[in-house]
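Coordinate analysis (summary)
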Protein chains: 2
Amino acid sequence: MYASEYNSSAMIGFEHIKRISRGSPSRIVFMVMDGVGGLPHPETGKTELESARKPNLDRIARDSLCGLTDPIDPGITPGSAPGHLALFGYDPVLYDVGRGIVEALGIDFDLKTGDIAARGNFCIVDDKGIITDRRAGRLSTERSAELCRLLSDIALQGTEISVVPVKEHRFVLILRGEGLSPEVTDSDPQQAGLSPKRVEALSPQAQQTADVANRFVSEARVRLLKEDAANMVLLRGFSLRPGIPSIPEIYKLKPVAIAAYPMYRGLARLIGMDVLPTGENIRDQVETLRRHYDDYDFFFVHYKQTDSRGEDGNFQAKVEAIEEFDNALAGLLPLDPEVLIVAGDHSTPATLAMHSWHPVPFMIRSRWCRPDAVSEFSERACLAGGMGRFPATDIMPLAMANALKLDKFGA
Amino acid sequence: MYASEYNSSAMIGFEHIKRISRGSPSRIVFMVMDGVGGLPHPETGKTELESARKPNLDRIARDSLCGLTDPIDPGITPGSAPGHLALFGYDPVLYDVGRGIVEALGIDFDLKTGDIAARGNFCIVDDKGIITDRRAGRLSTERSAELCRLLSDIALQGTEISVVPVKEHRFVLILRGEGLSPEVTDSDPQQAGLSPKRVEALSPQAQQTADVANRFVSEARVRLLKEDAANMVLLRGFSLRPGIPSIPEIYKLKPVAIAAYPMYRGLARLIGMDVLPTGENIRDQVETLRRHYDDYDFFFVHYKQTDSRGEDGNFQAKVEAIEEFDNALAGLLPLDPEVLIVAGDHSTPATLAMHSWHPVPFMIRSRWCRPDAVSEFSERACLAGGMGRFPATDIMPLAMANALKLDKFGA
């Protein structure tokens, strides 16, 4: 028990936070710009944030306490689920929520105890079986739904399956039956130029699940052979629904999520947030927040475009996504919430075209923040902020403190 | 065992420190300005430290390694005991010392194994039983002692009680008897406008203790009915004396505390420090240090006024308290100790009028500090210091290193 006996940088756990958190009327608005952190453009030397015209973000930064967050640890690139769990105070290594489960929650699938969910991609393989497009050209959601129907009646002895479309190339496979286990590997090699992998059991009791998954994949390949939109499937993140303490339980908050993308709605539900119907763009989301401003005291607004354009490798489009977000903030600022946070779940530099390990710009504004000298919301500026560089899991206690929703710890 | 589960940055602990610490003639003078950190005054934009004339503190800062400490974790507001435990290297979450025990130690009460101590306040309730003043106008210590005598012969079947005055409205209740347990809730709701709460058992074996405590409170109410100074009591922090390694044991130091307030003397004794009699103000304390400079190698000097004036919400009085401290430093500087530290256990911004979560200015001066560019002892200036923002539990190893009292770790 060295780590506990010799831990000198005390990390407050949920048991303690639960004991000192209290309800109050103040509101916390938590804006998440997915993948907001970036890297300099090779020509200008400026990052996406530094290249964007963003008067609202910069104005907030001037009145805020700023910093750079590490979602997990320096050097570790988070997936979307761990990136968000860290933002909400969950140790993302301890609370390892499978991708399949998050996807299933995002489509309101009624998961039963013991169900195994996996995230699926429709993809394209060439005649040697090598993946040429992991996302089948992001085929339309309608087309994807048709392909899902084609796979829905694949019969797997003793295991009931559901194949549910999500958005574009994404679907969820749910396996229901006796003796299933999530301890199997992915078939998705996560990059083009390779063949899909066989699903392998990681423990003896998972052999049946691996067999079932591999039979599903072979049968799907047969059924998709003559399709042009996609001719193969990739599976990853086989998982069971985890036990996880909820936001209302830990922080005594009444939280709501305003997110356009299913995965983030699913994750929010998993940790006890209400989820509001909203439109496809950030202006709609801000409008939804305004309409429900009296109904909740914690608002999680998820903005996907910064990540999507970063993953596309489109620097200019990511800059524009930042500007669109900044513009929409104009509708939020008149509400003047007691605590306003702008953060990101990870960086997605357009030059890398993928999630990255770089720390993420962060700011928190409240009447009780000790101001720093930062006057711009960007990677370099936030480094000099009053929070310096810090773990993303510290954000929630900081938000609660600034909302005066935490009693002191100890006598 | 949350502390271990959430530890992401492994820290060297007491077993290691014990192994590498060694005795030597060098001295460490550790000045603690209670609640020193602040927030800007709304009119001037300057914090209490930034507003004070403090030539000695600023001169020390120029020769020091500076930083900002987090007593527990970002966002977490520490009570006085955890704030100080962190300063002396103890993980304040792991070493959770009850308030009652700390108060009892502060008045030299001879605690026996199994005794339960609780912190008491004399308070005022209105005729509906609602608390109107949690501190009964900070009644005089003499008056408080009279009221304690009035309660001292309350008879509780099978449980012996002691009601001991501390200072102003504060007293300690000690329960001694068979089958007592500290696992009970507070009767003190910690804010005016509410009624005192019933003491509840948190485990079945604590029911007897809860009953005893509630009987004490009812009987106290009856006996205080006709008093004008206070007419009710509030109890909190029921606790047992914890097992805690001592400073001489861990660091091979000969430590002494010079503190005017009982609680800090009690805490110092709990971790193995000698406690010297001293006067009520910081000049007396410095004089006490000078007189005993040859008798110890570690001096903890506790200055309470910065916290008290902050809690009063009196910005100008806190500024003056800082100036008084600075002035008294003139008597200390000629000693030129090998290691001089000025730190705080937490922030107490006058604008908030309570302990807060904001990180605390810190400086350490020794011949072996790598200098930084800080030339002023303040929140903003220390952020740019060589230590940056760091956990308060790192202070002791740093002090030991600068005193050349630590061998290297590993071959």
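In the block above lies the structure referred to throughout.
This report concerns the structure included in the present document.

So, how was this worked out
Residues numbered from 1 in each chain as written. Chains lettered and ligands numbered in written order. Predicted model: local features only at pLDDT ≥ 70, side-chain atom pairs only at ≥ 80, totals over all residues. Heavy atoms only, no water. Helix = DSSP H or I, 4+ residues; strand = E, 2+ residues; numbered from the N terminus. Rg over C-alpha atoms; globule rule 2.2 N^0.38 Å. Contact = heavy atoms within 4.5 Å. Lys, Arg positive; Asp, Glu negative; His and termini not counted. Charge placed at Lys NZ, Arg CZ, Asp CG, Glu CD. 1 Å grid on protein atoms, 1.4 Å probe; cavity = no way out; pocket = protein on both sides within 12 Å on 5 of 7 lines; lining within 4 Å. Points joined across faces, edges and corners; volume = space filled by probe spheres on them. Nonpolar A, V, L, I, M, F, W, Y, C, P; charged D, E, K, R; others polar. Patch = residues over 30% accessible without salt bridge, like charges linked within 9 Å, V, L, I, M, F, W, Y side chains within 5 Å. Areas by Shrake-Rupley, 256 points an atom, 1.4 Å probe, with all protein chains shown as cover. Salt bridge = Lys/Arg side-chain N within 4 Å of Asp/Glu carboxyl O. Buried < 20%, exposed > 50% of the residue type's maximum accessible area, 1.4 Å probe, protein only. Pairing = 2+ DSSP bridges. Axes fitted to C-alpha atoms, helices over the stretch in contact; angles between N-to-C directions. Parallel < 35°, antiparallel > 145°, perpendicular 65-115°, else oblique. Left-handed = near helix turned anticlockwise from the far one by under 90°. Polar contact = N/O pair within 3.5 Å; in protein donor to acceptor, adjacent residues only side chain to side chain.

What about the overall build of chain A?
Across its full length, chain A carries 15 helices and 13 strands. Here chain A has a C-alpha radius of gyration of 22 Å; the compact-globule value for 411 residues is 22 Å, and the two agree. Considering only contacts in chain A between residues 6 or more positions apart, those separated by 24 or more positions represent 74%. One finds the centroid of the 46 positive side-chain charges in chain A at a distance of 2 Å from the centroid of its 56 negative side-chain charges.

What about the layout of surface pockets?
All names here are of chain A. Within this model, the second largest pocket holds a volume of roughly 1,000 Å³. Taken together, 42 residues make up the lining of the second largest pocket; nearest its centre are S80, R99, R236, E311 and H355. At the level of elements, α5 (80–87), α6 (99–106), β3 (116–125), β5 (159–167), β7 (232–239), α10 (262–270) and α12 (305–311) are the ones that each hand at least two residues to the lining of the second largest pocket. Considering each element in turn, the lining of the second largest pocket owes the most residues, five residues, to α12. Its residues placed into classes, the lining of the second largest pocket shows 14 nonpolar, eleven polar and 17 charged.

Here we look at a nonpolar patch on the surface
All names here are of chain A. A cluster of nonpolar residues, L352, M354 and W357, forms a patch on the protein surface that exposes about 250 Å² of accessible area. Checked against the element boundaries, M354 lands in the loop between β11 (339–343) and β12 (360–365). Assessed through its relative accessible area of 40%, M354 is described here as partly exposed.

Observations regarding the pattern of salt bridges
All names here are of chain A. Taken as a whole and assessed by the stated rule, the structure comprises 52 salt bridges over all chains. In this structure, the salt-bridge partner of D294 is R27, at a minimum N-O distance of 3.1 Å. Of this pair, D294 sits in the loop between α11 (282–291) and β10 (298–303) while R27 is found in the loop between α2 (14–20) and β1 (28–33), placing the two residues 267 residues apart along the sequence. Taking the relative accessible area as the measure of exposure, D294 reaches 66% and is therefore exposed.

Describing the sheet that holds β11(A)
All names here are of chain A. The strand order across the open sheet formed by eight strands is β9-β8-β10-β1-β11-β12-β2-β13, and the pairing between neighbours is mixed. The open sheet is flanked by β9 (274–275) and β13 (388–391), the only strands paired with a single partner. Of the pairings in the sheet, the one linking strand β2 (residues 65–70) to β13 comprises four bridges and is parallel in character. In the strand pairing of β13, L68 is matched with R389. Strands in contact with helix α4 (residues 55–62) are β1, β2, β11 and β12; relative to β12, the strand with the most contacts, it is inclined by about 65°.

A short note on the environment of A:C148
Residues and elements named next belong to chain A. When you line up the elements, C148 lands in helix α7 (residues 141–151). The spatial distance from the C-alpha of C148 to the C-alpha of F122 is 9.3 Å, given a sequence separation of 26 residues. With near-sequence residues (within four places) excluded, C148 lies in contact with F122, V163, V164, P165 and F171.

Some thoughts on unusual backbone geometry
With a phi angle near 50°, A:E168 is a residue other than glycine that sits in the positive phi range. Within the secondary structure, A:E168 sits in the loop between β5 and β6 (170–177). What makes A:E168 partly exposed here is its relative accessible area of 21%. Despite not being glycine, B:Q190 shows a phi value in the positive range, around 65°.

Regarding the environment of B:I174
Residue and element names in this part refer to chain B. Inspection of the secondary structure assignment puts I174 in strand β6 (residues 170–176). Each C-alpha atom of the pair I174 and S239 lies 9.6 Å from the other, and the pair is 65 residues apart in sequence. Apart from the residues within four sequence positions on either side, I174 is in contact with F109, L111, D115, I116, A117, E160, I161, S162 and V164.

Overview of the pairing of strand β11 (residues 339–343) of chain B
Residues and elements named next belong to chain B. Burial of β11 is extensive: five of the five residues sit out of reach of the surface. Both faces of β11 are covered, namely the face carrying V339, I341 and A343 and the face carrying L340 and V342. Across five bridges, strand β1 (residues 28–33) lies against β11 in parallel orientation. Bridge assignment links V29 to a residue of β11, and that residue is L340. Sheet topology places β11 next to strand β12 (residues 360–366); four bridges connect them, and they run antiparallel. Bridging from a neighbouring strand, V342 pairs with M363 of β12.

Observations concerning the packing of α5(A) against α10(A)
Residue and element names in this part refer to chain A. Look at α5 against α10: their axes get within 11 Å of each other, and the N-to-C directions meet at 45°. Comparing the axis directions of α5 and α10 gives the class oblique. Considering only the axes of α5 and α10, their crossing is right-handed. From α5, S80, A81, H84 and L85 reach across to α10, where they touch M263, Y264 and L267. Of the residues belonging to the contact of α5 with α10, the class tally is five nonpolar, two polar and no charged.

Looking at the sheet that holds strand β9 (residues 274–275) of chain B
Residue and element names in this part refer to chain B. A sheet is described by the order of its strands in space; here eight strands give the open sequence β9-β8-β10-β1-β11-β12-β2-β13, paired in mixed fashion. The open sheet has two edge strands with one neighbour each: β9 and β13 (388–391). Here helix α5 (residues 80–87) sits on the sheet in contact with β1, β10 (298–303) and β11, set at roughly 155° to β1. Lying over the sheet, helix α11 (residues 282–291) contacts β1, β8 (255–259) and β10, oriented at roughly 170° with respect to β10.

Concerning the packing of α7(A) against helix α8 (residues 207–224) of chain A
The geometry of a pair of packed helices is captured by two quantities: the angle between their axes and the separation between those axes. All names here are of chain A. As a packed pair, α7 and α8 sit with axes 10 Å apart at the nearest point and diverge in direction by 120°. When the axis of α7 is compared with that of α8, the two are oblique. The element α7 and its partner α8 pack so that their crossing is right-handed. For the pair α7 and α8, the contacting residues are L147, L150 and L151 in the first and F216, A220, R223 and L224 in the second. Across the contact of α7 with α8, the residue classes break down as six nonpolar, no polar and one charged.

Notes on α4(A)
Those residues of α4(A) not exposed but buried are A:N56, A:L57, A:D58, A:I60 and A:A61. Where the residues of α4(A) are buried, they touch β1, β2, α13 (315–329), β11 and β12 of chain A.

Points about the side chain of B:D70
All names here are of chain B. Structurally, the position occupied by D70 is in strand β2 (residues 65–70). Within polar-contact distance, the side chain of D70 engages the side chain of R389 at 2.8 Å. Leaving out residues up to four positions away in the same chain, D70 has contacts with P359, R389, F390, P391 and A392.

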